[in-house]
Amino acid sequence: MLADPSNGVAFWRPLVSERRTDLARFIDELKRSHRCGDLRAADEGKEVVLFGWVASYRDHGGCVFVDLRDREGITQLVFDPDRKGHGELPRQSYVTAQTVRSEWVIGVRGVVVSRGANKNPKLATGEIEVHVVELSVFNKADTPPFEVADSIDTSEEKRLAHRYLDLRRAPLQKTLRVRHRINQATRRYFDELGFLELETPVMVKHTPGGARNFLVPSRTQAGKFYALAESPQLYKQLYMVAGFDRYFQIVKCFRDEDLRLDRQPEFTQIDVEMSFVNQDDVFRVIEGLILRIWKDVLGIDLRATYPEGRFPQMPFAESMQLYGNDKPDLRFGMPHADLTDLVIEQGGGGVPFFKDIADKYASGRYRRDLPAEIVKAMVVPASANLSRTEADKLEDFVKGMGAKGLARAKVDPQGNWTQSPLAKSIAPELRLAINAKTGAKDGDLLLFQFGKASTVHTVMANLRVHLAKRFGFIPETGHGGTFNFLWVVDPPLFEFDDESKHWVAAHHAFTRPHDADVALLETDPGKVLCHRYDLVLNGFEIGGGSIRLHDPAVQAKVFAALGIDHDEARSKFGFLLDALRFGAPPHGGIAIGMDRLAMLLSGAESLRDVIPFPKTQKGTDLMTDAPNKAAPEQLAELRIRVVEAPS
Ligand code: ASP
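Only a predicted model underlies this, so the values are computations on that prediction, with no experimental measurement involved.

K.L.:
I keep staring at the pattern of salt bridges and nothing clicks. Help me out?
P.N.:
Between side chains of opposite charge, pairing is possible as soon as their charged atoms come close. Following the criterion strictly, the structure yields 45 salt bridges and no others. A salt bridge links E29 to R25, with the nearest nitrogen and oxygen atoms 3.0 Å apart. Taken as a pair, E29 and R25 lie in helix α1 (residues 22–29) at a separation of four residues, close to a single helical turn. E29 sits in the buried class, given a relative accessible area of 13%. The residue R159 makes a salt bridge to D609 at a minimum N-O spacing of 3.5 Å. You can see R159 sitting in helix α3 (residues 156–161) and its partner D609 sitting in the loop between α18 (594–602) and α19 (632–638), a full 450 residues away along the chain. Beyond isolated ion pairs, a larger network of salt bridges with shared partners links R159, R163, D166, R169 and D609.

K.L.:
I keep staring at unusual backbone geometry and nothing clicks. Help me out?
P.N.:
Most peptide bonds adopt trans geometry, and most residues besides glycine take a negative phi value. For the peptide bond that leads from A626 to P627, omega is 0 degrees, which places it in the cis range. Even without being glycine, M334 reaches a positive phi, approximately 50 degrees. As for its placement among the helices and strands, M334 is situated in the loop between α8 (316–323) and β13 (337–338). Classification of M334 as buried rests on a relative accessible area of 11%. The backbone phi angle of R639 is positive, close to 55 degrees, even though this residue is not glycine.

K.L.:
Is there a simple way to explain the site of the ligand in this structure?
P.N.:
Contacts to the ligand come from 13 residues, most closely from Q233, K236, R255, Q269 and R548. The contact in question runs from an oxygen atom of the ligand to an N or O atom on the side chain of H507, over 3.4 Å. For the ligand, an oxygen atom lies 2.8 Å from a polar atom in the side chain of R548. Compared with its free state, where it exposes 270 Å², the ligand has 90% of that area covered by protein.

K.L.:
I would appreciate a short explanation of helix α5 (residues 170–192) in the present structure.
P.N.:
Residue pairs three or four apart in sequence face the same way in an α-helix, which turns once every 3.6 residues. Look at α5: 33 Å from first C-alpha to last across 23 residues, which is about the 33 Å you get at 1.5 Å a residue. Here α5 has its buried residues at L172, T175, V178, R179, I182, N183, A185, T186, Y189 and F190. Where α5 is buried, its residues meet α3, α4 (163–166), β10 (246–254), β11 (266–275), α7 (279–298) and α18. Positive backbone phi, at 85 degrees, marks G194, one or two positions downstream of α5.

K.L.:
How should I be thinking about the nonpolar core in this particular structure?
P.N.:
As a rule of thumb, soluble globular proteins bury nonpolar side chains together. Counting residues in hydrophobic clusters, the biggest one holds 46 residues, and the most contacted among them are I182, I286, I290, W294, F485 and L597. Of all the elements, α7 adds the most residues to this core, at 10 residues. Those residues in contact with W294 that sit more than four places away from it in its chain are G299, I300, L302, F483, F485, L537, L597 and L601. In this structure, L342, I357, A409 and I434 belong to the second largest nonpolar core, which totals 25 residues.

K.L.:
Can you help me understand the sheet that holds strand β14 (residues 373–380) in this one?
P.N.:
Spatial strand order, β13-β14-β17-β15-β16: five strands in an open sheet with antiparallel pairing. Across the chains shown, the open sheet's two edge strands, defined by having one partner strand only, are β13 and β16 (417–418). Where strand β15 (residues 407–411) meets β16, two bridges bridge the pair, whose relative direction is antiparallel. Paired with V411 across the bridge in β16 is W417. Each of β15 and β17 (445–452) is contacted by helix α11 (residues 388–399), which is oriented at about 155 degrees to β15, the strand it contacts most.

K.L.:
Sorry if this is basic, but what is going on with the environment of N435 here?
P.N.:
Mapped onto the elements, N435 comes out in helix α13 (residues 428–438). A relative accessible area of 8% places N435 in the buried class. Measuring from C-alpha to C-alpha, the distance between N435 and V411 comes to 8.3 Å, with 24 residues separating the pair along the chain. If we skip the residues at most four places from it in the chain, N435 touches V411, G415, W417, A440 and L446. Of note is the side chain of N435, whose polar atom sits 2.9 Å from the side chain of W417.

K.L.:
What should I look at first to understand the sheet that holds strand β8 (residues 215–217) in this one?
P.N.:
Sheet strands pair via backbone hydrogen bonds, and the direction of the pair is either parallel or antiparallel. As summarised here, the arrangement of the three strands in space is β7-β9-β8, forming an open sheet in which the pairing is antiparallel. The outermost strands of the open sheet, each flanked by one partner alone, are β7 (203–204) and β8. As judged from the three bridges shared by β8 and strand β9 (residues 225–228), these two strands associate in the antiparallel manner. Across the sheet, residue V216 finds its bridge partner in β9, namely Y226.

The rules behind each value
Residues numbered from 1 in each chain as written. Predicted model: local features only at pLDDT ≥ 70, side-chain atom pairs only at ≥ 80, totals over all residues. Heavy atoms only, no water. Salt bridge = Lys/Arg side-chain N within 4 Å of Asp/Glu carboxyl O. Helix = DSSP H or I, 4+ residues; strand = E, 2+ residues; numbered from the N terminus. Buried < 20%, exposed > 50% of the residue type's maximum accessible area, 1.4 Å probe, protein only. Near = heavy atom within 4 Å. Polar contact = N/O pair within 3.5 Å; in protein donor to acceptor, adjacent residues only side chain to side chain. Areas by Shrake-Rupley, 256 points an atom, 1.4 Å probe, with all protein chains shown as cover. Expected span 1.5 Å × (residues − 1). Contact = heavy atoms within 4.5 Å. Core = buried A, V, L, I, M, F, W, Y, C linked by side-chain atoms within 4.5 Å. Pairing = 2+ DSSP bridges. Axes fitted to C-alpha atoms, helices over the stretch in contact; angles between N-to-C directions.

Here you go:
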């Protein structure tokens, strides 16, 4: 009878005396009937063929027990030398089974037997075991450098150096499945909506702005370089000019950034561009995608939380003011109170640091609408019971982020401040006004930051999340069962770069400003808001995009504000500027960070846990040891000379 992998009934050919090797018989004649996670009580009595890896082995009671693992699960195998009805085969298999070790890869033919009262509730297949008749060792394995188990106490370096073994572990098998499901759900969704999945080049022209590119030297044009695409941004816009209307791509992008904990030099985006749309049209498509992914991957209907299928929106300025960044975690409250106005009104209220700031505004050195320095406070409720020692530790925490210190004040029943260096100097009116503005009551602790706006925002934003974890408002990692989505909208088009003393594009030079702000491009660029948006989930930015600037006249004004003259614009973006003059439709899009999405969906702790072969924070692949030195001949061909770093 020929093999029929689908039904798992009798399917092997009779043994012939001039037997081929065990391996050939298992691969050519006996086909796999089930995966290691499939078999249940209802399969009792079936004859099955399983392939997999030895997860564990035990030799006792005259039998050998092996837990056989494949990507679908684990099945217990029993090698009983006295099993009747199969001639000498069970005994031969038993003898071989005594020699198998962890991670050997084997194939078995056997019979499903009920474990009766002896079930293993931890295994999906725990009701049964397979009594083995025939065994083939496909390959032996060296002793693995760490145990292939769900939770292991092994350094990440070691795991990454043997990633193929690490990837055999169930948690990583699970996260990569999540990736697969996200990809499939995404493709189905966009296809249904009439999007075309189109590719874009990876080796591109270097265009300035945004992240730093990796460079690839050209051999045929020695001395010239390609850049690895940091995103398909310009090409997806060209697709719109070419009339493709709706594009998406699940695409690798490359950025040569200093790697922080949650960054990788190559990463995956779900990249989208649409013609004839406004911001809300893009939002609707992406909200639909997120709902679909949650349904298909986690089985969760987000409509329970978002009945209309729409996510809330918050202006960028409000997000900065209340939470200190543009990706607030709204699973909990604890907003910041911006005290800058109060401090200015009251001329610093007797506090020397505050006075210094108030004076700069009074003298016109600082603009209130584009504040250089600010004062913020946050309330730690009395119920949190934060001890003095813990409050002292918070000071170290904020200093690690560049803060000079962490002024604090405890509020007493009368609204006085205690335990505070500010208590003596602060004028009662300012104190009461701050109590009122922050809502601080008896026993609450006020935490203050003041100084450079960007530092104050960052420190207070991190402090807020740090305290929320400490108080158990959110778990240390993972979603804790709550998925809180938010669109952050209407950010400024430009940022002032302190180093170059120039306005720079906050995102890229092709973001469309608000129509009402176009006049400000020439007079007050810092106040121009734009159609740029970020999608935030539980305090992580999972995507961002914009409506693009397709009007050449406004484009010229944006370049002027950026200090880019005609020639420079032509040399940098000439091809796109040309394209935009040949009938560019209004268009816009977004890119979703697929790795981060997979991480948040699977509850993984780091991006490295959802990327099959990630790099370390130094950008090294510990398994292959990339990057490595090029041979002198390679460098000569490229006409490149490496200058050793000064020691
Ligand atoms: N290209 C942008 C990015 O990579 C996304 C977009 O604007 O569509 O962040």
